[in-house]
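Now for the letters of each chain:
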Amino acid sequence: MKFILNICQRLGARLLDFFEVMGRLILFALTALKDVLLPPYYPRLIGSQLINIGYYSLTVVGLTALFSGMVLALQSYTGFARFNAESAIANVVVLSITRELAPVLAGLMVAGRIGASIAAEIATMRVTEQIDAMSTLKVNPFQYLIAPRVLAGTIMLPFLVFIADIIGVFGGFLVAVYVLDFNAFAYIQQTWEFVEFIDVASGLVKAAVFGFIITLMGCYCGYYSGRGAQGVGSATTNAVVSASILILISNYLLSQVFFS
Amino acid sequence: MKTFKVEMQDVHKSFGSKHVLRGVNLEVKKGESLVIVGGSGTGKSVTIKTILGLIKADSGKILIDGKDITKASGKERDELLGSCGMLFQGGALFDSMTVWENVAFGLTQGQKMSKKKAYPIAIEKLKAVGLSEDIAQQYPAELSGGMQKRVSLARAIASHPDIIFFDEPTTGLDPIMADVINNLIRKTVKELGATAISITHDMASVRKIADSVAMIYEGKIIWHGPIEKLENSGNEYVDQFIHGKEDGPIRF
C-alpha cells in the first residue's frame, strides 16, 4: 500500500512540475511576443541578430540541403528502378525537399548552432548577474535581449529554408544528371511542372515556426538557467534538445494542417 | 509620522522548501548608509534583491518613500525603482561592450540618450572613481578585479540614483584595493546625497562605510543600531560575528 502511494506521489509531483514548466514557458512566449510587437525597439540589436542567425548559418544549412538533395536522388533511383518509375525522381526530390527536408533539417541544424549559442550567452549573463544589472539600469531584458533574437529567428529561418530549397533541388539535379545520366532539360522541366506554390509556402511557414521555437527555447533555457558553469551547460543542452523535439512535433502538426 | 526612505515590514520569501526570509523588518532613513551583515546564506542578498524587485517577496510590505512597491502598478513601480542603482558582487559588467558603453548603458539604452551626449558623462563618472579615459575603449575582461569594481561603481552612479545598493563590494579584492573601494563608496554616496544599503561580511568595510548596521540571522533582522553601538551591542550573536569567533550562539 505504501509502495503504491509512493508511486502516486512521485507521479503527481512530476505532473505538477510539468504543468509549472508549461505555464512558465507559455507566459515567457507571450511576453516575448508582446515585446517583439510593442516598442521600444532596438534596431541595431535586431540587425546584428539577423546577420548572426541568417548569414552565418548559410554554410551549414546550404551543405545540409545539398547533400540531402543528392542522397535523395540517389536513393529514390535505386528504389524506383525496380518499378521502372525512375522518371518520378525529380518529383520526389522537389516535394520532399520543399515540404519536409529543407525546413526540418535546416531547423535542426540551426537549433544546434543558434539555439545553443543563445542559451549559453543568456545563461552566462544570468549567472554573472548581467541580466539583473540590466534591470537595475532600467532596461527591460525581455525587450533588449529576447525580443531581438526571437524576431530575427522568426524572420531569418524562412529565408534560409528558401535558399535550402534551391540548393537541395540543385543537389538532386547534380546526381540525376551527372551520376544517373538523366537529361538535364527534362529533369528541370519535370521539377518545375510538379512543384506547386503550397509545397514551397508550407515549408516557409514551417520555417518561421521553427525559427520562433529555436530562439524562444534558447532564450527560455538561458533565462531560467541554474547556477554556475553546470547551469550554463545544462541550459545549452536543454535548449537544443527541447527545440529539436518541438520542431519534430510541430512539423507533424503543421503537415497535418497543410496537407490533409 | 516620519516616513523612511526604505522600509520593509514582515517580508517573507521561500525558495521551494527553503524559507530564506522569515519576516524581515528594516527601516532606512534618507541619506543614511546602512550595512547589513550576516553569515553566508542568511538572506542578505535576497533582502536587497527583494527591495530592488529582482526577486518577488511572498508576503509583507516594502515601502520606498512611503509607497508600497509590492502593490504598485508596473509604471509606478518603475518610477520608484527608477531611482535605484546597484553595484553587483561580481561587477556584472556587460562583457560584450566596452568600458564606457557599460558606464553609459543606463543613459544610452535606458534613457535613449545619444552616444555623443553620453560619452562625456561616462568619462566624467570614470574619473569620479579614479579611472582615466584610456581604458574607456577596453573590454571588461581586460581589466583587473579592482578596476572592474570601479567601472561597475561608475555605472551604478551614472544615472544619479537616490538609493544605491552594494552587494559585497570588497569581496575578492586585496586589502588596499578594498580600502580604495570603501573610500569611493563613502565619497560617491556623500556627493550624490544618496541613501546606501550595503551587504558585506567584511568588518573593515562595515566600519568604513556604515552609519548604521543591521545583522541578519536565519532570515530575520536580529539587531539594528548605529555604528557607534556595534562594539557594545549587548547582543551575543553580533559579538560573535564582528569578532569572528567560532564559539557562540551561531552554529555552522
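Keep in mind the model is a prediction, meaning the values are calculated, not measured. (Residues numbered from 1 in each chain as written. Chains lettered and ligands numbered in written order. Predicted model: local features only at pLDDT ≥ 70, side-chain atom pairs only at ≥ 80, totals over all residues. Heavy atoms only, no water.)

A. Representation of the sheet that holds strand β2 (residues 18–28) of chain B in the model. Residues and elements named next belong to chain B. Strand order in this open sheet of four strands is β2-β1-β4-β5, and the pairing throughout is antiparallel. With partners counted over all chains shown, the strands left at the sheet margins are β2 and β5 (67–68), one partner each. With eight bridges joining them, strand β1 (residues 6–15) and β2 adopt antiparallel strand pairing. Bridging from a neighbouring strand, S14 pairs with H19 of β2. (Pairing = 2+ DSSP bridges. Helix = DSSP H or I, 4+ residues; strand = E, 2+ residues; numbered from the N terminus.)

B. Quick look at the interface of chain A and chain B. Between chain A and chain B, the residue contacts involve 17 residues of the former and 23 residues of the latter. Between chain A and chain B, roughly 1,500 Å² of surface is buried when both sides are summed, and carbon and sulfur atoms account for 60% of that area. For the interface between chain A and chain B, the tally reads two salt bridges. Notably, a salt bridge pairs K49 of chain B with E129 of chain A, separated by 2.6 Å at the nearest N-O pair. Linking chain A with chain B are three residue pairs in polar contact (both at pLDDT 80 or more), by the criterion used here. When residues in the side of chain A that touches chain B are grouped by element, the largest group, six residues, is from helix α5 (residues 130–136) of chain A. (Contact = heavy atoms within 4.5 Å. Buried area = accessible area lost by both parts, 1.4 Å probe. Salt bridge = Lys/Arg side-chain N within 4 Å of Asp/Glu carboxyl O. Polar contact = N/O pair within 3.5 Å; in protein donor to acceptor, adjacent residues only side chain to side chain.)

C. Here's a closer look at the domain arrangement of chain B. Residues and elements named next belong to chain B. If you check the domain split of chain B, you get domain 1 (1–83 + 167–180 + 195–252) and domain 2 (91–160). Placing a centre on the C-alpha atoms of domain 1 and another on those of domain 2 gives a separation of 27 Å. Taken together, the contact between domain 1 and domain 2 spans six residues of the former and four residues of the latter. Our count for the contact surface shared by domain 1 and domain 2 stands at two residue pairs in polar contact (both at pLDDT 80 or more). (Domains from an automatic or database assignment.)

D. Main features of the nonpolar core. Counting 102 residues, the largest nonpolar core has I146 of chain A together with F165 and I197 of chain B as the members making the most contacts within it. If one sorts the elements of this core by residue count, helix α6 (residues 141–179) of chain A sits on top with 17 residues. Formed jointly, this core draws a minimum of three residues from each of two domains, domain 1 (1–83 + 167–180 + 195–252) and domain 2 (91–160) of chain B. Setting aside its immediate chain neighbours within four residues, I146 of chain A contacts F28, A32, I122, P141, C219 and Y223 of chain A. Counting 48 residues, the second-largest nonpolar core is a separate cluster that includes A104, A118, I209 and I250 of chain B. (Core = buried A, V, L, I, M, F, W, Y, C linked by side-chain atoms within 4.5 Å. Buried < 20%, exposed > 50% of the residue type's maximum accessible area, 1.4 Å probe, protein only.)

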